[in-house]
Amino acid sequence: MITGAAGGLGAALCRRYARAGAKIAALDLDPLRLDALVSALTIAGGEVLSLALDVSDSSAVGNAISATVGRFGSVDVIINNAGISHRSLLGETDPAIIRKVMEVNFFGALNLTHAALPYLKSSQGSIAAISSVAGFSPLIGRTGYAASKHALHGFFDSLRSELVDAGISVTIVCPSFIATGIGGAALGSDRDGKAAGPRVTTGGESTPEDIAEKIFLAIARRQPLLLPDTTSRLAWWYSRLLPGAYARTMKHRVGSEFKL
Ligand code: NAD
């Protein structure tokens, strides 16, 4: 089961798992892009169940689990990939934006993981959560996004210790920048949303295919943490060893989005 399946990374994950012969439940909010993805995978010989839903709707997610088990008989791997971002300084941001980001990025992952647990126990399966460098370090102009990704670490690192004896693996993935639509879709500061300016990246952008391949292998190896690119590995050590210097560098590089 892959959430955010119609997006840049989600679609690449679907293609990777389809290539491995997996049966895929593809979950996404956007029915049109989901249809296009599912048609392409099906034409290529994949077995795909299309589930258009909002991951923050716990009853819809529960129904999606039932539909998946009804069609495929089990749940072996869930990838909590659906995510949204915002770019806006907190002082100018409607708190509803922060709540919205938490609803999708954190509570969406909670909904799917909680509903899938009984089936993952039977299959001794795997859980993955797509976090970010913003899940372990600060990121200016994304207080809500960083909070939602940090929350994934507290949640899934704790859950791993609850599930290790049941044979379920938990993999947290922290990419830096991937060339997808997430920057263009980012919310701005107001409730209507679409006011974010252009995003600044640092250290280049990975392709979704490259990151999907690394995630596929990390889940197969039952790896607890994946830092899939050079920038994410540098950021991990830099932010841990020299947090003050890291915060200054990050502000210098990304703060230009806000003329800071
Ligand atoms: P994307 O915008 O291309 O894809 C996100 C997908 O999630 C979209 O198809 C969207 O329709 C879906 N989605 C959004 N809200 C949803 C909801 N409420 N219910 C169901 N589906 C919903 O972005 P992406 O870059 O492919 O993002 C995938 C994951 O990777 C996200 O969790 C993101 O935070 C993370 N990530 C991305 C980057 C990057 O630079 N692109 C870096 C680090 C982490």
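Everything discussed here concerns the structure shown above.
The present account deals with the structure reproduced in this document. (Residues numbered from 1 in each chain as written. Predicted model: local features only at pLDDT ≥ 70, side-chain atom pairs only at ≥ 80, totals over all residues. Heavy atoms only, no water.)

A separate point is the packing of helix 4 (residues 95–123) against helix 5 (residues 143–163). Their axes nearest at 8 Å, the elements helix 4 and helix 5 cross at an angle of 20°. Of the possible angle classes, the one that applies to helix 4 and helix 5 is roughly parallel. Here the hand of the crossing between helix 4 and helix 5 comes out right-handed. Facing Ile98, Val101, Met102, Asn105, Phe106, Ala109, Leu110, Thr113, Leu117 and Lys121 of helix 4, the residues of helix 5 in contact are Thr143, Gly144, Tyr145, Ala147, Ser148, Lys149, Ala151, Leu152, Phe155, Phe156, Leu159 and Leu163. Class assignment for the residues of the contact of helix 4 with helix 5 results in 15 nonpolar, five polar and two charged. (Axes fitted to C-alpha atoms, helices over the stretch in contact; angles between N-to-C directions. Helix = DSSP H or I, 4+ residues; strand = E, 2+ residues; numbered from the N terminus. Parallel < 35°, antiparallel > 145°, perpendicular 65-115°, else oblique. Left-handed = near helix turned anticlockwise from the far one by under 90°. Contact = heavy atoms within 4.5 Å. Nonpolar A, V, L, I, M, F, W, Y, C, P; charged D, E, K, R; others polar.)

Here we come to the pairing of strand 6 (residues 169–173). The element strand 6 is largely enclosed, with a buried count of five among its five residues. Side-chain alternation along strand 6 places Ser169, Thr171 and Val173 on one buried face and Val170 and Ile172 on a second face that is also buried. The parallel pair strand 5 (residues 126–130) and strand 6 is bridged by helix 5, and the resulting crossover is right-handed. In the sheet, strand 6 pairs with strand 7 (residues 225–226) via two bridges, with the strands oriented parallel. Across the sheet, Val173 pairs through a bridge with Leu226, a residue of strand 7. (Buried < 20%, exposed > 50% of the residue type's maximum accessible area, 1.4 Å probe, protein only. Right-handed = clockwise from strand over helix to strand, strands pointing away. Pairing = 2+ DSSP bridges.)

Everything listed here is a matter of coordinates, which is why it stays silent on function.
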